[in-house]
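Residue-level structural notes
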Amino acid sequence: MIMRCIFCGNDSSTSKSVEHIVPASFGNSISVLPKGVVCDKCNNYFARKIESPFLNSEAVLYLRQELEIHNRDGKVVNKFADLPTKNIMQISQDLHLVLSHEDKTEEEVEQAVFNYQKYLKRTDELLIKPDYNLSRLLAKMAVEAFVYKCLDDMNVIDYIIEDEAFKKIREYVRYGGNYIWEYSARRIYARNEAYYGDVTTHINYEFDFLFTSQGKAYFIIVMYGIEYVINIIDNTISDYAEWLKDNHYISPLYISHEHRKKEFEGYTHFFAK
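Right, let's walk through the structure included here.

**Section: the sheet that holds strand β5 (residues 183-187)**
- Reading across the sheet, the 4 strands line up as β5-β8-β7-β6 and stay open at both edges, with antiparallel pairing between neighbours. The open sheet has two edge strands, β5 and β6 (205-211), and neither has a second partner. Averaged over all neighbouring strand pairs, the angle between strand axes comes to 15 degrees, with direction disregarded.
- Relative to strand β8 (residues 226-231), strand β7 (residues 217-223) runs antiparallel, the two sharing 6 bridges. Residue pairing for β8: V222 is matched across the bridge by E227.
- Here helix α4 (residues 132-149) sits on the sheet in contact with β5, β6, β7 and β8, set at roughly 75 degrees to β6.

Quick look at the structure:
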């Protein structure tokens, strides 16, 4: 069977690399595309030109050290000696967990939380501001996640390669450009958010798609509490701000199945006009 790379369109039948949708060094060992969906050449290019600049940016290095996120070799970042994150974590927006072998006064606990919140604010500003490398990473993840969601039908690969709707974002991922593909970024829960209340765990990432009644197709991914949204068809996100306003600023990840279905029906009717 001849396989074609979803980005360059070339024969990828002999490719040996699997493709991690979210970088493996950012806590992903599950969301992986099989060999051949992305060719070895594109895979290597993404690792060097898109993932590495993101993973080694200042804010992400802080985050990887703080949360002890292991890289492909099982190692963690140990670059910063002054992180105010030792023995403290924010497990929900309003709840901090302070660990200590010694008794701490109320003032000491408050100061630790204050220093941690100051650090969070500073790093969040870096994680949320528009960034070219992050924009390309989001675009890459969007295309790959679309295939991942539809892998039961391998015709999705031909669809991605041949349909004009995906051409611009595929080219942006593979070849870049002199602009940032617009995206939305906002924090919606704590970076150490406890998974189902289990304070020994946190949510690494979660993603899905939203097809709106206004004819927009959005990829939504939350990574360590920050929601990123990118339009997979057009380089614009203004309609997403309107969608949020109309839906009381709830993340599309958490709308009901009925709501999602209604939006998708509106999406199909929009193009049937």
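**Observations regarding the nonpolar core**
- If you look at the biggest cluster of nonpolar residues, it comprises 58 residues, and the most contacted ones within it are F26, F219, M223 and Y228.
- Take this core: its biggest share by element is 10 residues, from α4.
- Those residues in contact with F26, other than ones at most four positions away along the chain, are F54, L55, V60, L63, R64, I69, M223 and Y224.
- By size, the runner-up hydrophobic cluster in this structure holds 13 residues, among which are Y189, L210, V229 and L244.

**What about the packing of aromatic side chains?**
- Tallied over the entire structure, the rule returns 25 aromatic pairs.
- Both rings, one in F7 and one in F46, keep their centres 4.9 Å apart while their planes meet at 80 degrees; by these two values the pair is edge-to-face. Of this pair, F7 sits in the segment before β1 (19-20) while F46 sits in helix α1 (residues 40-55), and the two are 39 residues apart along the sequence.
- Ring geometry for Y172 against W181: centres 5.6 Å apart, planes inclined by 45 degrees, an arrangement best described as tilted.
- One aromatic cluster is present, built from ring pairs that chain together F146, Y148, Y159, F166, Y205, F207, F209, F211, F219, F264 and Y267.
- Its guanidinium or amino end placed over the ring of Y62, R122 lies 5.5 Å from that ring's centre, counting from NZ or CZ.

**Some thoughts on the pattern of salt bridges**
- Considering all chains together, one arrives at 13 salt bridges under this definition.
- Between R191 and E66 there is a salt bridge whose closest N-O contact spans 2.8 Å. Linking R191 in the loop between β5 and β6 with E66 in helix α2 (residues 58-66), this pair joins segments that are 125 residues apart in sequence. Comparing R191 with E66, the two get one shared label, buried.

**Overview of the side chain of S15**
- Its location among the elements puts S15 in the segment before β1.
- For S15, a relative accessible area of 11% puts it in the buried group.
- Reaching out from S15, the side chain makes a polar contact with the backbone nitrogen of D40 at a distance of 3.3 Å.
- Dropping the residues within four chain positions of it, S15 is found in contact with K35, G36, V38, C39 and D40.

**Some words on helix α6 (residues 167-175)**
- Listed in full, the buried residues belonging to α6 are I169, R170, Y172, V173 and R174.
- For α6, the secondary structure elements touched by its buried residues are α1, α4, α5 (155-162) and β8.
- G176 lies just past α6 and shows a positive phi near 75 degrees.

Scoring rules and cut-offs
- Residues numbered from 1 in each chain as written.
- Predicted model: local features only at pLDDT ≥ 70, side-chain atom pairs only at ≥ 80, totals over all residues.
- Heavy atoms only, no water.
- Pairing = 2+ DSSP bridges.
- Helix = DSSP H or I, 4+ residues; strand = E, 2+ residues; numbered from the N terminus.
- Axes fitted to C-alpha atoms, helices over the stretch in contact; angles between N-to-C directions.
- Contact = heavy atoms within 4.5 Å.
- Core = buried A, V, L, I, M, F, W, Y, C linked by side-chain atoms within 4.5 Å.
- Buried < 20%, exposed > 50% of the residue type's maximum accessible area, 1.4 Å probe, protein only.
- Phe/Tyr/Trp six-rings, centres within 6.5 Å; stacked < 30°, edge-to-face > 60°.
- Lys NZ or Arg CZ within 6 Å of the ring centre and 35° of its normal.
- Salt bridge = Lys/Arg side-chain N within 4 Å of Asp/Glu carboxyl O.
- Polar contact = N/O pair within 3.5 Å; in protein donor to acceptor, adjacent residues only side chain to side chain.

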